[in-house]
Amino acid sequence: MQTNLKTDISIKAICEGFVYNELEGKGLFGLSGKLTIQPEYQRNYIYAEGGGKREAAVIESVLKGYPLGLIYFNKINDNAFEVLDGQQRITSIGRFVSDKFAIQDADGLQQYFTGMAADKRDLILGTKLLVYECEGTESEIKEWFRTINIAGVPLNEQELLNAVYSGPFVTLAKEVFSNSQNASISKWSAYVKGAAIRQDYLACALDWVSKGDVGGYMSQHRHDKNIIQLSLHFNDVINWVSSVFTDVESEMRGLEWGRLYEEYHRKPYNAKAVSDELQKLYGDAYVKNRRGVFEYILGGSTDTKLLEIRVFDEATKKTVYATQTKKASTKKESNCPLCALGHDANKQKIWSLSDMDADHVSAWSKGGSTHIKNCQMLCKTHNRVKGNR
Ligand SMILES: [Zn+2]
């Protein structure tokens, strides 16, 4: 790969013909149309997120004469360049120069570019950027892009995959799943965690359709000119979840709905009964893990491990142990009530506290509570036997 350092490219030249696409949230072109600011393998513009502190900081740096760092262009030919690294900074500058956002001046007033004093405008436009022009094969450039990590916000895994498997499929998929203007995102956000702009929805859709093999799926579909399968599957999962669970609870966000769909979507559910069960479990103080409630219900309300039912605390166990042991000693029988009923050597055995476990006399799953009145101590063997029933 050949590189050539340019020190004479000014902000004025870069911003010539700058186009920002509000809908897709990206800077598109600069350098009088010769520069593609956001090639399809680049991530979306994120410097405007979080109140725009990052994009304002870029402008402050220019005004103070601080270096903006290296910018990398991929040179396709003398009249065509793509931004390999520096897209966020260039988009910030282009957006400022075209009055898309204001910075605060020393008096705390909003200052748009066209409203600035002429000398400040000239200072900005005259600032030269340090640009490395790189020439190489597509795979050289992409491999290199995968390894650089010099931008302010590191690329996450899905952004890297988008770069590596760039092509029509990724472009189409990003239009749907990485576009915060997509009205469906707010519906999806009940079930999917993260931010569309950081590719979390795309990562989720790919994970679901590929059953976990995202890289393999992207490689296989890289040159597809449609995303029908990806979209259909994602919508199938979302529609299934929202029809089984008519309640929307915050704990539903980010659950493994793709896996749950594979396991349970062929089973019939009664939405009303599911809702009643869900509300009952949400109201149960002994259910520690609300995120487990959904899989518990889907699986037929049997796997109580998913709910992490609160157990009896140490003080309760000690109290019950003392009472049981005292009573058993007087009667000359085992302090494990189940051993006492038996006919073997343990019939009269007094177990130590460490050899016993607390048991719900009336099982939690049958309505028994985790209250001292419902606690009995059993020897470990009997507790295991009872627990497995
Ligand atoms: Zn026993």
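The preceding data block contains the structure.
This section reports on the structure supplied with the text. (Residues numbered from 1 in each chain as written. Predicted model: local features only at pLDDT ≥ 70, side-chain atom pairs only at ≥ 80, totals over all residues.)

### Some thoughts on the overall build of the chain
Inference 1: When helices and strands are tallied, the chain shows 17 helices and 11 strands.
Inference 2: Against the 2.2 N^0.38 benchmark of 21 Å for 389 residues, the chain shows a C-alpha radius of gyration of 31 Å, more extended than a compact globule.
Inference 3: For the C-alpha atoms alone, the extent of the chain along its principal axes is close to 100 × 50 × 40 Å.
Inference 4: Burial status across the chain gives 29% buried among its 389 residues.
Inference 5: Contacts in the chain between residues far apart in sequence, at least 24 positions, make up 58% of those at least 6 positions apart. (Helix = DSSP H or I, 4+ residues; strand = E, 2+ residues; numbered from the N terminus. Rg over C-alpha atoms; globule rule 2.2 N^0.38 Å. Buried ≥ 20, exposed ≤ 12 C-beta atoms within 10 Å, placed from the backbone. Contact = placed C-beta atoms within 7 Å.)

### Here's the deal with the nonpolar core
Inference 1: The biggest cluster of nonpolar side chains holds 36 residues, and the ones touching the most others in it are A205 and L206.
Inference 2: A per-element tally of this core places helix 9 (residues 200–210) first, with 8 residues.
Inference 3: Ignoring any residue separated from it by four or fewer positions in sequence, one finds L206 in contact with V214, Y217, M218 and L230.
Inference 4: Of all hydrophobic cores here, the second largest spans 25 residues; its members include F18, L31, V131 and I141. (Core = buried A, V, L, I, M, F, W, Y, C linked by C-beta atoms within 7 Å.)

### Concerning the sheet that holds strand 4 (residues 35–36)
Backbone hydrogen bonds hold the strands of a sheet together, and the pairing may be parallel or antiparallel.
Inference 1: Pairing in this open sheet of 7 strands is mixed, and the strands run 1-9-5-6-4-3-2 from one edge to the other. Every other strand in the sheet has two partners, leaving strand 1 (2–10) and strand 2 (19–21) as the edge strands with one partner each.
Inference 2: Looking at chain direction, strand 1 and strand 9 (residues 128–135) are connected through 7 bridges and run antiparallel. Of the residues in strand 9, the one forming a bridge with T3 is C134.
Inference 3: Most of the contacts of helix 3 (residues 87–97) go to strand 3 (residues 26–30), to which it runs at about 80 degrees, and overall it touches strand 2, strand 3, strand 5 (71–77) and strand 6 (80–85). (Pairing = 2+ DSSP bridges. Axes fitted to C-alpha atoms, helices over the stretch in contact; angles between N-to-C directions.)

### Some thoughts on the packing of helix 7 (residues 168–177) against helix 9
Inference 1: Closest axis-to-axis distance for the helix 7/helix 9 pair is 9 Å, and the angle between their directions is 115 degrees. For the element pair helix 7 and helix 9, the recorded crossing hand is right-handed. In this structure, helix 7 contributes A173, K174 and F177 to the contact, and helix 9 contributes Y201, L202 and A205.
Inference 2: Along the lines of polarity and charge, the residues of the contact of helix 7 with helix 9 split into 5 nonpolar, no polar and 1 charged. (Left-handed = near helix turned anticlockwise from the far one by under 90°. Nonpolar A, V, L, I, M, F, W, Y, C, P; charged D, E, K, R; others polar.)

### Section: helix 3
Residues spaced three or four apart along an α-helix face the same direction, because each turn holds 3.6 residues.
Inference 1: Of all 11 residues making up helix 3, 11 are buried, and the element is well covered by its neighbours.
Inference 2: Those residues of helix 3 that fall on the buried side of the exposure criterion are Q87, Q88, R89, I90, T91, S92, I93, G94, R95, F96 and V97.
Inference 3: Turning to helix 3, the residues buried within the fold contact helix 1 (11–15), strand 2, strand 3, helix 2 (53–64), strand 5 and strand 6.

### Things to note about the packing of helix 11 (residues 228–244) against helix 12 (residues 257–264)
Inference 1: Running from amino to carboxyl end, helix 11 crosses helix 12 at an angle of 75 degrees, the nearest separation of the two axes being 10 Å. In terms of orientation, helix 11 and helix 12 fall into the roughly perpendicular class. Across the interface between the two elements, V237, W240 and V241 of helix 11 pack against W257, G258 and Y261 of helix 12.
Inference 2: Residue classes in the contact of helix 11 with helix 12 are distributed as 5 nonpolar, 1 polar and no charged. (Parallel < 35°, antiparallel > 145°, perpendicular 65-115°, else oblique.)

### Concerning the environment of Q181
Inference 1: Position of Q181 among the secondary structure elements: in the loop between helix 7 and helix 8 (184–188).
Inference 2: By the C-beta count within 10 Å, which is 11 here, Q181 ends up exposed.

### Here we look at unusual backbone geometry
Apart from glycine, the bulk of residues carry a negative phi angle, and the bulk of peptide bonds sit in the trans form.
Inference 1: Not every positive phi belongs to a glycine, and L31 is a case in point at roughly 50 degrees.
Inference 2: Among the secondary structure elements, L31 is positioned in the loop between strand 3 and strand 4.
Inference 3: Here L31 falls in the buried class, since 21 other C-beta atoms lie within 10 Å of it.
Inference 4: Of note, the phi angle at E308 is positive, near 50 degrees, even though the residue is not glycine.
Inference 5: Mapped onto the elements of the fold, E308 is located in the loop between helix 14 (293–298) and helix 15 (314–331).

### Here's the deal with the pairing of strand 6
Inference 1: Taken across its 6 residues, strand 6 has 5 buried, putting it largely inside the fold.
Inference 2: Bridge count between strand 4 and strand 6: 2 bridges; the pairing is parallel. Within strand 6, the position partnered with T36 by the bridge is E82.
Inference 3: Examined bridge by bridge, strand 5 and strand 6 share 5 bridges and lie antiparallel to one another. Residue pairing for strand 6: F73 is matched across the bridge by V83.
Inference 4: Hairpin connection between strand 5 and strand 6: a loop of 2 residues separates the two successive antiparallel strands.

### A look at the environment of E143
Inference 1: By the secondary structure assignment, E143 is in helix 5 (residues 138–147).
Inference 2: Residues E143 and V361, 218 residues apart in the sequence, show an inter-C-alpha distance of 63 Å.

### As for the environment of N289
Inference 1: Relative to the elements of secondary structure, N289 occurs in the loop between helix 13 (271–282) and helix 14.
Inference 2: Once residues lying within four places of it in the same chain are set aside, the contact partners of N289 are L306, L307 and E308.

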